[in-house]
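Chain and residue survey
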Amino acid sequence: MTANIISGSLIFAAALLFGGLGGMLSERAGVINLGIEGFMVSGAFFSAVGAYYAESAGLGGLSPFIGLLTAFICTAIFSGMHALATLKYKADHVISGVVINLLAANVTFFLVKLLFDGAAETPRLKNMFSKISIPFLSDIPIVGKALFRSYPTTYIAFAAVLLIGFVFFKTSLGLRLRGVGENPGSIDTAGINVMKIKFWAVMMSGSIASLGGATIVLTTNGNFSFNTIAGQGYIAIAAVILGRWNPYGVLSGALLFGFAQAIKDQIQILDFASSIPTEVFYMLPYLVTLLALIFTGRKTRAPKALGIHYDASVR
């Protein structure tokens with residue numbers, strides 16, 4: 001059971017990690033992003049549709065990768081809306097994010113019905129990601145199968161943490177991005193285009209978060225429906241806050257919430273669980289999220305310019 005819990009934690013954490021990294025990227029640039037749920041819904045939809053049509057074209061094993069790429073590219077539709085609303089038209093960041101969530105959920109559901117003759121979900125994929133074992137490391141007792149035998153998306157998610165961490169703390173681009181979220185006036189004074197950095201941060205935020213929804217479809221669910229994401233985008237936002245807007249902290253938060261979901265699945269198969277309503281187990285990840293925010297919320301400090309519309313004329 002231990003190996004199953006560890007393995008399950010990593011699988012569930014991967015989707016939350018993509019969402020959390022996307023949200024963190026936007027918010028470190030000063031743009032509040034509550035639209036992570038919508039971006040993940042978009043990613044789930046576009047990955048399912050992209051992979052389905054790739055299968056229909058006879059691409060077989062390549063179809064999950066095409067689905068992943070489709071999600072990354074096409075979610076720019078929704079992230080572009082959030083960037084346009086908040087940066088050009090100075091809309092309230094929170095309201096814009098909520099609208100993105102509602103819009104993505106309903107537009108994708110409408111498109112599913114339109115594309116698949118009124119069906120409430122996409123057809124189930126025949127080709128999904130399979131687990132990959134890392135040679136030698138996967139042979140380690142218990143820990144090997146748990147840590148080194150997983151889906152490609154899990155490895156990509158953890159690689160993304162290292163890449164974003166390197167960019168954030170070791171490059172001039174990362175310094176500028178962090179500066180835009182803390183003191184955009186000083187960045188502007190240095191002759192750097194603040195709005196351009198914010199725009200691309202929001203755009204990349206949506207595309208990275210979309211991979212979280214794609215991960216769920218291409219590894220476990222196998223198709224898209226209205227309830228595929230089921231609030232996991234909000235848990236990803238909690239991981240950002242819990243992780244204090246740091247990529248490595250977001251990783252810790254995603255692992256915590258992934259662990260809660262893995263525990264939920266493992267407890268349900270035990271004998272005593274049959275006497276407990278199923279809803280109690282499904283409530284567990286959200287309860288852990290709430291408790292984590294209650295006990296850590298006071299100690300977190302958001303970027304200073306988060307949610308503040310930048311106006312160069314009033315520096």
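Residues numbered from 1 in each chain as written. Predicted model: local features only at pLDDT ≥ 70, side-chain atom pairs only at ≥ 80, totals over all residues. Heavy atoms only, no water.

On to the overall build of the protein. Within the protein, the secondary structure is distributed over 13 helices and 2 strands. Against the compact-globule benchmark of 20 Å for 315 residues, the protein has a radius of gyration of 20 Å, which places it among compact chains. Taking the principal axes of the C-alpha coordinates as reference, the protein spans close to 65 × 45 × 40 Å. Within the protein, counting contacts between residues at least 6 apart in sequence, those at least 24 apart form 77% of the total. Accessible surface, the protein as shown: approximately 14,600 Å² in total, 68% of it carbon and sulfur. In the protein, the 21 positive side-chain charges and the 13 negative ones have mean positions that sit 11 Å from each other. (Helix = DSSP H or I, 4+ residues; strand = E, 2+ residues; numbered from the N terminus. Rg over C-alpha atoms; globule rule 2.2 N^0.38 Å. Contact = heavy atoms within 4.5 Å. Areas by Shrake-Rupley, 256 points an atom, 1.4 Å probe, with all protein chains shown as cover. Lys, Arg positive; Asp, Glu negative; His and termini not counted. Charge placed at Lys NZ, Arg CZ, Asp CG, Glu CD.)

Moving on: the nonpolar core. Core analysis: the largest hydrophobic core is formed by 68 residues, its most contacted members being L17, L21, M24, L218 and F257. Discounting residues that sit within four places of it in the chain, L21 has contacts with A157, A160, V161, I164, I208, P247 and V250. One finds V31, A83, L87 and M203 within the second-largest nonpolar core, a separate group that totals 5 residues. (Core = buried A, V, L, I, M, F, W, Y, C linked by side-chain atoms within 4.5 Å. Buried < 20%, exposed > 50% of the residue type's maximum accessible area, 1.4 Å probe, protein only.)

Each α-helix turn comprises 3.6 residues. Residues three or four places apart therefore point the same way. Here helix α2 (residues 36-56) spans 30 Å end to end across 21 residues, near enough to the 30 Å set by a 1.5 Å rise per residue. Within α2, 18 of the 21 residues are buried, leaving the element largely enclosed by the surrounding structure. Looking one or two residues beyond α2, the residue adopting positive phi is G58, at roughly 85 degrees. (Expected span 1.5 Å × (residues − 1).)

Counted under the stated rule, the structure contains 10 aromatic pairs. On the numbers, 5.1 Å between centres and 65 degrees between planes, the contact of F45 with F46 is edge-to-face. A relative accessible area of 13% places F46 in the buried class. Taken together, a centroid distance of 5.4 Å and an interplanar angle of 80 degrees make the contact between F199 and W200 edge-to-face. Relative accessible area serves as the criterion here: at 48%, W200 is assigned to the partly exposed category. One aromatic cluster in this structure is built from F45, F46 and F224. (Phe/Tyr/Trp six-rings, centres within 6.5 Å; stacked < 30°, edge-to-face > 60°.)

Relative to the elements of secondary structure, S26 occurs in helix α1 (residues 2-28). The buried category is assigned to S26, whose relative accessible area is 0%. Side-chain polar atoms of S26 contact the backbone oxygen of V31, separated by 2.8 Å. With sequence-adjacent residues up to four places away left out, S26 is seen in contact with V31, N33, A201, V202 and S205. (Polar contact = N/O pair within 3.5 Å; in protein donor to acceptor, adjacent residues only side chain to side chain.)

Within the element layout of this structure, K304 appears in the segment after α13 (278-296). Residues K304 and M24, 280 residues apart in the sequence, show an inter-C-alpha distance of 14 Å. Sequence-distant contacts of K304, defined by excluding residues within four places in its chain, comprise G181 and E182.

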